[in-house]
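# Working through the structure, step by step
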Amino acid sequence: MSLTDDLTTAAGHAAIPGPATPYQGDIARYWDHEARPVNLRLGDVDGLYHHHYGIGPVDRAAIGDPADSEREKKVITELHRLESAQADVLLDHLGPITPDAMLVDAGCGRGGSMVMAHQRFGCRVEGLTLSTKQADFGNQRARELGVGDFVRSRVCNMLDMPFETGSVAGSWNNESSMYVDLHDLFAEHSRVLAVGGRYVTITGCWNPAYGQPSKWVSQINAHFECNIHSRREYLRAMADNRLVPQAVIDLTPDTLPYWELRATSSLVTGIEEAFINSYKDGSFQYVLIAADRV
Ligand SMILES: C[S@@+](CC[C@H](N)C(=O)[O-])C[C@H]1O[C@@H](n2cnc3c(N)ncnc32)[C@H](O)[C@@H]1O
Ligand SMILES: CC(C)=CCC/C(C)=C/COP(=O)(O)OP(=O)(O)O
Ligand SMILES: [Mg+2]
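Since we're looking at a predicted model, the values are computed, not measured.

Here we come to the overall build of the protein chain. Scanning the protein chain for helices and strands turns up 11 helices and seven strands. The C-alpha radius of gyration of the protein chain comes to 19 Å, within 12% of the 19 Å expected for a compact globule of 294 residues. Burial analysis of the protein chain (294 residues in total) assigns 41% to the buried set. Long-range pairs, those at least 24 residues apart, make up 77% of the contacts in the protein chain with a sequence separation of at least 6.

Here it is, written out as structure tokens:
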């Protein structure tokens, strides 16, 4: 089956069902209208467009001193490097993937991670997003980069994936799990993954050791119209759905340098303070969880 002959009507248009819930309609509209310079200017650096945050130490030599007339451009390049480094760490945790495998990016945004996955593993990568604009953007970029036969984005609910049971070698959510119920999400990943397949998420979650979601977490939820889950909910919903954590890594110290650099750039959006304060007061954590489908 080719990448284009399913879900296509006689008129040649993808037969896209409407949103499953009114909330999903809100999220589709949100991402259809999103055009923040922080995401577009960073993506323009090398043509890989991300909607996630960065990790790793800031290369101070690369950004120059504050008097450098090129500093802003250098900061943008550095922020983008840290966001791509984040996607690389997620892909590291998929384990060995062969070129005949199929990978699934659930909540794929503009598709930057999908291109990186194909470049690394040589395999087919299928992405799902609620936003028609994002799917069109991702498919256009994949064609322009010459990987359109391997990398495809579709408008589709990740709680109802268009894949056969057990057909997927690896799947992930990169900062997209805060839009859905985790039991529903992990039940669906567990269905499409082959036994022995790998699931990876990088996510922001509230810390049960703090007590309840802090005011900063509530501010992040309101800013993005999402519903951040606790770390406990992730682990419980995985355990209930045959997903056994193989690695749980607290990336909070690794993401703080990204936020502190971003807060000094001209591309601030106003949400930087909430991320920095909640990471520092311990109420919020940036976490990677890699799990085996057993
Ligand atoms: C913050 S963006 C992350 C994009 C991408 N993972 C990345 O790293 O660049 C969140 C994404 O989740 C998607 N999303 C949210 N709920 C979804 C659902 N029920 N089904 C499919 N995609 C969903 C949105 O459409 C958006 O593309
Ligand atoms: C870690 C958490 C809680 C993430 C929430 C999901 C989200 C909106 C991620 C970043 O998207 P973006 O790249 O479009 O955001 P921004 O415009 O702030 O860069
Ligand atoms: Mg961004």
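On we go.
With that out of the way, let us pick up the UniProt feature "domain: Methyltransferase type" (unreviewed entry) in the protein chain. Taking the UniProt record as the reference, the feature "domain: Methyltransferase type" (unreviewed entry) is found at residues 104-200. Spanning residues 104-200, this segment combines 35% helix with 30% strand, and its end C-alpha atoms are found 11 Å apart.

Next up on the list: the packing of helix α10 (residues 252-262) against helix α11 (residues 272-281). One can describe the packing of α10 onto α11 by two numbers: an axis separation of 10 Å at closest approach and a directional angle of 150°. In terms of orientation, α10 lies roughly antiparallel with respect to α11. The two elements α10 and α11 meet at a crossing, and its hand is left-handed. Where α10 abuts α11, its residues T252, L256, W259, E260 and R262 lie against E272, F275, I276 and Y279. In terms of residue class, the contact of α10 with α11 is made up of five nonpolar, one polar and three charged.

In this structure, L90 and V200 are the most contacted members of the largest nonpolar core, which totals 67 residues. The biggest single contributor to this core is helix α4 (residues 71-92), with seven residues. Setting aside chain neighbours within four positions, we find L90 in contact with S113, W172, N174, V200, I202 and L288.

What the seven strands build is an open sheet, ordered β3-β2-β1-β4-β5-β7-β6; its pairing is mixed. Each edge of the open sheet carries a strand with a single partner, namely β3 (151-155) and β6 (243-250). Along the sheet, successive strands turn relative to each other by an average axial angle of 15°, direction set aside. Taken together, the three bridges between strand β1 (residues 102-106) and strand β4 (residues 168-174) define a ladder with parallel strand orientation. Across the sheet, residue L103 finds its bridge partner in β4, namely G170.

This part covers the site of ligand 2. Every one of the 14 residues lining ligand 2 counts as a neighbour, but R36, H51, E175, G204 and F224 are closest to it. Put simply, the parts of the chain that give the shell around ligand 2 at least two residues each are α2 (37-43) and α8 (215-224). In terms of residue class, the shell around ligand 2 is built from seven nonpolar, five polar and two charged.

Right, let's talk about the site of ligand 1 for a bit. Taken together, 24 residues surround ligand 1, and among them G107, G109, N174, S176 and Y179 come closest. Among the secondary structure elements, those contributing two or more residues to the shell around ligand 1 are α1 (22-33), α5 (112-121) and β2 (124-129).

With that settled, consider the pairing of strand β5 (residues 193-206). Taken across its 14 residues, β5 has 11 buried, putting it largely inside the fold. Looking at chain direction, β4 and β5 are connected through six bridges and run parallel. The residue bridging N173 from the neighbouring strand is T201, located in β5.

Okay, α1 next. Counted at 1.5 Å a residue, the expected span for α1 with its 12 residues is 16 Å, and the 17 Å between its end C-alpha atoms agrees. The complete set of buried residues in α1 reads I27, A28 and W31. For α1, the buried positions fall inside an angular range of 105° around the axis, keeping them on one side. More than 90 degrees from the buried face of α1, the exposed residues found are P22 and H33. Check the buried side of α1 and you find it contacts β2 and α6 (132-144).

Conventions we followed
Residues numbered from 1 in each chain as written. Chains lettered and ligands numbered in written order. Predicted model: local features only at pLDDT ≥ 70, side-chain atom pairs only at ≥ 80, totals over all residues. Helix = DSSP H or I, 4+ residues; strand = E, 2+ residues; numbered from the N terminus. Rg over C-alpha atoms; globule rule 2.2 N^0.38 Å. Buried ≥ 20, exposed ≤ 12 C-beta atoms within 10 Å, placed from the backbone. Contact = placed C-beta atoms within 7 Å. UniProt positions renumbered as here; feature names shortened; annotations may be inferred. Axes fitted to C-alpha atoms, helices over the stretch in contact; angles between N-to-C directions. Parallel < 35°, antiparallel > 145°, perpendicular 65-115°, else oblique. Left-handed = near helix turned anticlockwise from the far one by under 90°. Nonpolar A, V, L, I, M, F, W, Y, C, P; charged D, E, K, R; others polar. Core = buried A, V, L, I, M, F, W, Y, C linked by C-beta atoms within 7 Å. Pairing = 2+ DSSP bridges. Near = placed C-beta within 6 Å. Expected span 1.5 Å × (residues − 1). Arc of directions from axis to C-beta.

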